[in-house]
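# Overview (structure and organization)
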Amino acid sequence: MGRVAVIGDIGGHLRQLTRALVRLGADPDTLRLPPDLQVVQVGDLVHRGPDSPGVVDLVDRALHEQPGQWHQLVGNHEGQYVDTPAFDWPEVLPDATQQTLRRWWDTGRMRVAAALTLADGVQVLVTHAGLTSGLHRRLGRPGTADAAAAALAALRDADPAALWRAGAMLGGGAPDLAAGPMWAEAGTELAASWVAAEPLGVPMPFTQVHGHSSVVGYERGEPVLRAPELRDRIQLQAADRHVAVTAAGGLLIGVDPGFGRTAHARWAPLLFADATVTA
């Protein structure tokens, strides 16, 4: 057991990532992680910000030098390079950066999900966009985060269409309560799917942490609720840009800081003080 830091969508902002790592105890010169720290990054390392190649190079060094301490997940923006491109994006990464992403994916260094086990035995599933209730049912309702992470990983070969299933955020269609873990929208699909499961008596068997989108936006630095129907279910930690939604007896914790072309000064990874990555 040690510390596990879950880092949200970085989106090409190298300075923000390096500052966060140094605050977590990484060496300021080499960015080598301290021995008590594991990092899970939820995907969307690239696009938007000024230095996607620099972000990928930093993570590549960590995966090579400290492979047991950096756990890299895939997001929908990495999907543009490791799967069939699903949307148009004005920025195209350099060939070398694209090749690095594909190497991670082909060798299993970039994965779909991670599972954390806390000191009290509680398990936490980490994915890019979250595991919807509809996809959880399709996977046979795994009861632990370890089992869910394994089932999601198996979709890569067994059912990639389910893995990359896009919902309302791609094409503006109706919400899909079985949207996949790279595309589920935080309010109308992820949270809504588990709220819909409550009358059926289907619990969420583990806490989830996700990036990709948030039920809270920010205008002039002030939080604005994007999903009023979830108002009574939300716990907001505005300084770190974390938001938790209660549904089906569990918690959905969003850690996407909402970086665009510019990044916010106030944000932080989600830190578990006594935990380990078990899957």
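Right, let's walk through the structure included here. (Residues numbered from 1 in each chain as written. Predicted model: local features only at pLDDT ≥ 70, side-chain atom pairs only at ≥ 80, totals over all residues. Heavy atoms only, no water.)

To continue, consider the environment of Val255. Structurally, Val255 is set in the loop between strand 12 (250-254) and strand 13 (270-277). In this structure, the C-alpha to C-alpha distance between Val255 and Arg241, residues 14 residues apart in sequence, is 6.6 Å. The residues contacting Val255, other than those within four sequence positions of it, are Val6, Gly8, Val42, Val209, His210, Gly211, Arg241, His242 and Leu270. (Helix = DSSP H or I, 4+ residues; strand = E, 2+ residues; numbered from the N terminus. Contact = heavy atoms within 4.5 Å.)

Another aspect to go through is the layout of surface pockets. Estimates place the volume of the largest pocket at around 440 Å³. Lining the largest pocket are 27 residues; nearest its centre among them are Arg48, His212, Ser213, Asp256 and Gly258. At the level of secondary structure, the elements contributing two or more residues to the lining of the largest pocket comprise strand 8 (216-219) and strand 11 (242-247). Of the residues forming the lining of the largest pocket, the biggest block, three residues, is contributed by strand 8. Residues of the lining of the largest pocket, tallied by class, amount to 11 nonpolar, 10 polar and six charged. (1 Å grid on protein atoms, 1.4 Å probe; cavity = no way out; pocket = protein on both sides within 12 Å on 5 of 7 lines; lining within 4 Å. Points joined across faces, edges and corners; volume = space filled by probe spheres on them. Nonpolar A, V, L, I, M, F, W, Y, C, P; charged D, E, K, R; others polar.)

Counting 49 residues, the largest nonpolar core has Leu17, Leu21, Val59, Trp70, Trp104, Leu125 and Leu152 as its most contacted members. Counting 19 residues, the second largest nonpolar core, distinct from the first, contains Trp194, Met204, Val216 and Val245. (Core = buried A, V, L, I, M, F, W, Y, C linked by side-chain atoms within 4.5 Å. Buried < 20%, exposed > 50% of the residue type's maximum accessible area, 1.4 Å probe, protein only.)

Turning to the packing of aromatic side chains, a few remarks are in order. With the rule as written, the count across this model stands at four aromatic pairs. Ring centres of Phe87 and Trp89 lie 6.1 Å apart, and the angle between their planes is 85 degrees; on these two criteria the pair is classed as edge-to-face. Here the aromatic rings of Trp105 and Trp164 are separated by 6.2 Å at their centres, their planes lie at 65 degrees, and the arrangement is edge-to-face. Linking Trp105 in helix 4 (residues 95-107) with Trp164 in the loop between helix 7 (160-163) and helix 8 (186-197), this pair joins segments that are 59 residues apart in sequence. According to the relative accessible area criterion, Trp164 is buried, its value standing at 14%. (Phe/Tyr/Trp six-rings, centres within 6.5 Å; stacked < 30°, edge-to-face > 60°.)

The next subject is the pattern of salt bridges. Tallied over the entire structure, the rule returns five salt bridges. The closest approach of N and O atoms between Arg103 and Asp60, which form a salt bridge, is 3.1 Å. Pair noted here: Arg103 is in helix 4 and Asp60 is in helix 2 (residues 52-65), with a separation of 43 residues, a long-range link. Under the relative-accessibility criterion, Arg103 is labelled partly exposed at 39%. For Arg138, the salt bridge goes to Asp159, with nearest N and O atoms at 2.6 Å. Separated by 21 residues along the polypeptide, Arg138 in helix 5 (residues 133-138) and Asp159 in the loop between helix 6 (145-158) and helix 7 bring together distant segments of the chain. (Salt bridge = Lys/Arg side-chain N within 4 Å of Asp/Glu carboxyl O.)

Right, let's talk about the environment of Gln80 for a bit. On the secondary structure map, Gln80 appears in helix 3 (residues 79-82). For the pair formed by Gln80 and Arg23, sequence separation is 57 residues and the distance between their alpha carbons is 31 Å. Residue contacts for Gln80: discarding those within four places in its chain leaves Pro85, Ala86 and Phe87. At a separation of 2.6 Å, a polar atom in the side chain of Gln80 contacts the main-chain carbonyl oxygen of Phe87. (Polar contact = N/O pair within 3.5 Å; in protein donor to acceptor, adjacent residues only side chain to side chain.)

Our focus in this paragraph is unusual backbone geometry. Look at Asp44: it is not a glycine, yet its phi comes out positive at around 55 degrees. Positionally, Asp44 belongs in the loop between strand 2 (37-41) and helix 2. Using a relative accessible area of 3% as the deciding quantity, one classes Asp44 as buried. Positive phi is not limited to glycine here, since Arg241 has a value of about 60 degrees. Checked against the element boundaries, Arg241 lands in the loop between strand 10 (234-237) and strand 11.

Inspection of the secondary structure puts Thr117 in strand 5 (residues 113-118). One polar contact links Thr117 to Gln123, side chain to side chain, over a distance of 2.7 Å. Residue contacts for Thr117: discarding those within four places in its chain leaves Met1, Val122, Gln123, Ala275, Thr276 and Thr278.

Compared with an ideal rise of 1.5 Å per residue, which puts 12 residues at 16 Å, helix 8 spans 16 Å between its outermost C-alpha atoms and is within 8% of the ideal. Buried residues in helix 8 make contact with helix 5, strand 7 (207-210), strand 11 and strand 12. N-capping of helix 8 is provided by Glu185, with a side-chain oxygen placed 2.8 Å from the backbone N of Gly187. (Expected span 1.5 Å × (residues − 1).)

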